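# Inside the fold
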Amino acid sequence: MNQHSSAATMNAHVQPRASAFASLDNASLGWFHIRSILVAGAGFFGDAYDIFVIGMALPMIYRVYYPPTNPAKGTTFAAPLYPAFPHIDALLKASTSWGNLVGQLSFGYLGDKLGRKKVYGVEIIIMMVAILGSTLACSTVRGMGVLTMLGLWRFVLGIGIGGDYPMSATITSEFAQVRYRGMMIAAVFGMQGIGILVGGLVTMIALACFKGLIESDPLYLDYVWRIMLGFGIIPCVATVYFRLTMPETPRFQVDVEDDVEAAKRDIEMITAVNAGMHQPDAITEISGPKSNAPRTRVAASNFKEFFSIGKNARVLFGTAYCWFALDIAWYGLSLNTARVLTLINFDGAGGTQYYAFWRKAVGNIIIACMGTVPGYWICVALIERVGRKPIQYFGFGIITVILAILAGAWNQILVKGPDGIFTGKSQAIFLTLYAIAQLFFNCGPNTTTFVIPAEVFPTRFRARAHGISAAAGKVGAIIGVQAVGPYFESNPRIVLAVFAVVMATGGLATSLVPETKGLSLEEINDETVVDPYNSAVNHSQQHAEGKEEIQRQI
């Protein structure tokens, strides 16, 4: 068969596949979609809260469990008394990323193997158990210390958080309409910004509640850090029921399970919920007798065979490397904000223990409000207008330039006054540049690297490929936090220069990923990858007719 006739044959089968899901792709934004965003977004709110609140909690833990002789001073757990401190601190911060790596790979695989519905919600249960364990972490009389126990529970927490990435992204993508899909996935991810902001607010509230006690005895900080970590269970409790009762996505039912009838019922249920009916009532009204007709599950289609094709491998490498490059700098900076707070005079130096931790919490809120939170939601507003790739290109480019400026002009920007504190002008310049960088991290590759992998791969590999891309990002996060981050204090210019180079390579790798704006998932799959399954099998004529029946009845 020549190339022209082969393309014509594939197009003949793509059209029925695209039209089968037209009721999903062209639907108005309804209550079911909004609820899906809230359910998935609440999880990401908790994910970000749990990941980043540890940066504010660890100094309190060090102060409680490694107290100084003088109660007014800070912890003794620091260099030079503990030369390995920077690396221990980095490992504790990265323990969640190690768990993320495991969770993203395992849940991505299971999401494609067992289905989205059977897996979704399990990650939240893992998170709930791990949050309780982290909150109650303590030193044993003999053996395990509090930091070891905390690190282990944070690793388990990371598995749950990691599982949330491929599952929430895939489910949101497969339920979304074409014109809102990028916005919906970005909105789910944008809840991370709210989680980071709330982390600072919860810290401030907990400190205020114990102000008098902490000023008389800093060991009361032991209550504060436990409240901070424990708060993360609230969004998990709020969302676990809705995740466990989320229906299977019609695309998975048709493209993997070959269950057209179940897909039809779920599409009708979604339509009914969007029209105002409660989901349990809609399920009861629409459920019908199940057919005993044999079905052929296609999930066993060879993953290695698909990605052994050069075009497909390039797309997966592009999504994975862009996320890897991003997270080296994003996590390397975000989990080491102590240095940044010192530079802008929000480290609380010279004050009481209460004052020091209060100032750090305020500093984190300022950074979140100036760049982090706005960046996420500006991206939500622009992603369907501008497209994914332009936002990612521009974000990588701006971040590269800012990090290069900071690396090259570090000593010129940061000048200390006669009192040994950085001048107001120095603080203003640095904070402005840092806030702009945070803005374009989030209105840029931090969001788009999450969105694109949820769109560019076939249904039967979507969760797994997204999990691989996200796991590559967490490898970058581990490198940024553990291999590079400990040297930020002593060699900031070198660290920032490394981050700038890595960001530039991320911008170059963006050329490997396709633009998905305005295309259905079926059109994206046809245009951006080579699918041997579609070319050789094409779901049989009877299967195609069944999917057309969905459209006719809806």
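Our structure is the block above this text.
Here's a quick rundown of the structure. (Residues numbered from 1 in each chain as written. Predicted model: local features only at pLDDT ≥ 70, side-chain atom pairs only at ≥ 80, totals over all residues. Heavy atoms only, no water.)

### What to know about helix H7 (residues 146-175)
- With 30 residues, H7 extends 43 Å between its outermost C-alpha atoms, agreeing within 8% with the 44 Å of an ideal straight helix rising 1.5 Å per residue.
- Across the 30 residues of H7, 25 count as buried, placing the element largely inside the fold. (Helix = DSSP H or I, 4+ residues; strand = E, 2+ residues; numbered from the N terminus. Expected span 1.5 Å × (residues − 1). Buried < 20%, exposed > 50% of the residue type's maximum accessible area, 1.4 Å probe, protein only.)

### Digging into the environment of leucine 38
- Among the secondary structure elements, leucine 38 is positioned in helix H3 (residues 31-65).
- Leucine 38 sits 146 residues away from methionine 184 along the chain, and the two C-alpha atoms are 10.0 Å apart.

### A look at unusual backbone geometry
- If you check the backbone angles, asparagine 345 has positive phi at about 65° while not being a glycine.
- Relative to the elements of secondary structure, asparagine 345 occurs in the loop between helix H17 (337-343) and helix H18 (353-386).
- We classify asparagine 345 as partly exposed; its relative accessible area is 30%.

### Topic: a nonpolar patch on the surface
- Where nonpolar side chains cluster on the molecular surface, the patch consists of Leu91, Trp98, Val102 and Phe155 and spans about 340 Å² of accessible area.
- Of all the elements, helix H4 (residues 85-113) adds the most residues to the nonpolar patch, at 3 residues.
- Tracing the backbone shows leucine 91 in helix H4. (Patch = residues over 30% accessible without salt bridge, like charges linked within 9 Å, V, L, I, M, F, W, Y side chains within 5 Å. Areas by Shrake-Rupley, 256 points an atom, 1.4 Å probe, with all protein chains shown as cover. Salt bridge = Lys/Arg side-chain N within 4 Å of Asp/Glu carboxyl O.)

### A look at the environment of tyrosine 62
- Tracing the backbone through its elements, the reader meets tyrosine 62 in helix H3.
- Taking the relative accessible area as the measure of exposure, tyrosine 62 reaches 4% and is therefore buried.
- Every residue in contact with tyrosine 62, bar those within four places of it in the chain, is listed here: Pro67, Thr75, Phe77, Phe85, Asp89, Leu92 and Leu147. (Contact = heavy atoms within 4.5 Å.)

### Some details on the pattern of salt bridges
- Tallying each qualifying case throughout the model produces 12 salt bridges.
- Linking lysine 93 and aspartate 89 is a salt bridge whose minimum nitrogen-to-oxygen distance equals 2.9 Å. Separated by 4 residues within a single helix, lysine 93 and aspartate 89 lie in helix H4, roughly one turn from each other.
- For lysine 93, a relative accessible area of 8% gives the class buried.
- According to the relative accessible area criterion, aspartate 89 is buried, its value standing at 10%.
- For arginine 226, the salt bridge is made with aspartate 222, and the minimal N-O distance between the two is 3.5 Å. Taken together, the residues span about one helical turn, with arginine 226 and aspartate 222 both in helix H10 (residues 221-230) at a distance of 4 residues.

### Some details on the nonpolar core
- By size, the foremost hydrophobic cluster in this structure holds 131 residues, and its most contacted members are Tyr165, Tyr331 and Phe430.
- Here this core gets 19 residues from one element, more than from any other, and that element is H3.
- Ignoring anything within four residues of it in the chain, the contact list for tyrosine 165 reads Phe44, Ile51, Gln104, Phe189, Gln192, Trp323, Tyr331, Phe450, His466, Ala470 and Lys474. (Core = buried A, V, L, I, M, F, W, Y, C linked by side-chain atoms within 4.5 Å.)

### Side note on helix H8 (residues 181-209)
- Across its 29 residues, H8 extends 42 Å between first and last C-alpha, which sits within 8% of the 42 Å expected from 1.5 Å per residue.
- The largest bend along H8 reaches roughly 30° and is located at valine 188. (Bend = angle between axes of the 7 residues up to and from the residue.)

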